[in-house]
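# Descriptive structure summary
Given next are the chains, with one letter for each unit.
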Amino acid sequence: MENRTHQRQYTSTRGHTGATSRLALAAPPFAAHRISTNTLCLRDARKFTSDVIHRWNLNPVREDAVQIASELVANAVRHGKRRTPLPDGSPPVVWLALTRRPHSLLCVVYDPSQRRPRLTPPAPLAEDHRGLPIVEALSEGWGWKPSGATGKAVWARLALPPAAAGMKP
């Protein structure tokens, strides 16, 4: 399956090439939340992200991080959720994870589908196809990669301002 990485182009990339190879989420600090598949899923994702950002003292990027997480979760729940159990019989699950890197915040959403995300420009008055353009506009880069036998992880990296990058969570 094809891996895709979308990165904004800056005059200085500060060594942010090969982002898909650096998706190991075990680096502290790390927080993950299982997303319910009911009508409260976006509210829960926003609250979780906002709480983690506040706890990690990253308030300057809170609004962008909450919006990015919300868009990725909305896509996962709408397009990536399987309606049938996984091959092992377990119910499909969507996860939202945040990890802080030295100069960035990484937001990752796992869903049990292997359907790749598509960056499609929305029609001027359309209500659909706005999620990934929003993620692309707010993030330093985004991409996806297969995860496990039946799913994928879609990620976005948000640059931290210098003051927040130097702070300990």
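Check the entry above for the structure.
What counts, and where the lines are drawn
Residues numbered from 1 in each chain as written. Predicted model: local features only at pLDDT ≥ 70, side-chain atom pairs only at ≥ 80, totals over all residues. Heavy atoms only, no water. Helix = DSSP H or I, 4+ residues; strand = E, 2+ residues; numbered from the N terminus. Buried < 20%, exposed > 50% of the residue type's maximum accessible area, 1.4 Å probe, protein only. Contact = heavy atoms within 4.5 Å. Areas by Shrake-Rupley, 256 points an atom, 1.4 Å probe, with all protein chains shown as cover. Expected span 1.5 Å × (residues − 1). Core = buried A, V, L, I, M, F, W, Y, C linked by side-chain atoms within 4.5 Å. 1 Å grid on protein atoms, 1.4 Å probe; cavity = no way out; pocket = protein on both sides within 12 Å on 5 of 7 lines; lining within 4 Å. Points joined across faces, edges and corners; volume = space filled by probe spheres on them. Nonpolar A, V, L, I, M, F, W, Y, C, P; charged D, E, K, R; others polar. Salt bridge = Lys/Arg side-chain N within 4 Å of Asp/Glu carboxyl O.

### A look at the overall build of the protein chain
- Each helix and strand in the protein chain was counted, giving four helices and six strands.
- The linear arrangement of helices and strands in the protein chain, starting from the amino end, is β-β-α-α-β-β-α-β-β-α.
- Across the 169 residues of the protein chain, 40% fall into the buried class.
- Within the protein chain, counting contacts between residues at least 6 apart in sequence, those at least 24 apart form 69% of the total.
- Just so you have it, the protein chain exposes about 9,400 Å², and 54% of that area is on carbon and sulfur atoms.

### Description of helix H1 (residues 41–55)
- Helix length check: H1 (15 residues) gives 21 Å between terminal C-alpha atoms against 21 Å at 1.5 Å per residue, within 8%.
- Looking at the buried side of H1, the elements it contacts are strand E2 (30–35), helix H2 (62–80), strand E3 (94–100) and strand E4 (104–111).
- Asn57 sits one or two residues past H1 and shows a positive phi near 65°.

### Some details on the nonpolar core
- Residues Ile35, Leu72, Leu96 and Leu105 are the most contacted members of the largest nonpolar core, which totals 31 residues.
- When contributions to this core are tallied by element, the ones reaching two or more residues are E2, H1, H2, E3, E4, helix H3 (131–138), strand E5 (141–147) and strand E6 (151–159).
- It is H2 that contributes the most residues to this core, seven residues altogether.
- Beyond its immediate chain neighbours, meaning those up to four positions away, Ile35 contacts Cys41, Ala45, Val73, Val77, Val94, Trp95 and Leu96.

### Notes on the layout of surface pockets
- By volume, the largest pocket amounts to about 550 Å³.
- Every residue lining the largest pocket is counted, 25 residues in all, and those nearest its centre are Asn75, His79, Arg118, His129 and Leu132.
- Counting only elements with at least two residues in the lining of the largest pocket, the list comes to H2, E4, H3 and E6.
- No other element matches H2, which puts eight residues into the lining of the largest pocket.
- A per-class count over the lining of the largest pocket returns nine nonpolar, six polar and 10 charged.

### Overview of the pattern of salt bridges
- Enumeration over the complete set of coordinates arrives at four salt bridges.
- Between Lys152 and Asp111 there is a salt bridge; the shortest N-O distance is 2.9 Å. With Lys152 in strand E6 and Asp111 in strand E4, this residue pair connects regions lying 41 residues apart in the sequence. Each member of the pair Lys152 and Asp111 is classed as buried.
- Ionic pairing is found between Glu140 and Arg157, a salt bridge with its closest N-O pair at 3.1 Å. Pair noted here: Glu140 is in the loop between H3 and E5 and Arg157 is in strand E6, with a separation of 17 residues, a long-range link. Each member of the pair, Glu140 as well as Arg157, carries the same accessibility label: buried.

### Section: the environment of His129
- The residue His129 is located in the loop between E4 and H3 in this model.
- Between the C-alpha atom of His129 and that of Asn75, which follows or precedes it by 54 residues, the distance is 9.4 Å.
- Setting aside anything within four residues of it in sequence, one finds His129 in contact with Thr120 and Pro122.

### Thoughts on the environment of Ala31
- By secondary structure assignment, the location of Ala31 is in strand E2.
- If we skip the residues at most four places from it in the chain, Ala31 touches Phe48, Val52, Arg55, Trp56, Leu96, Ala97 and Leu98.

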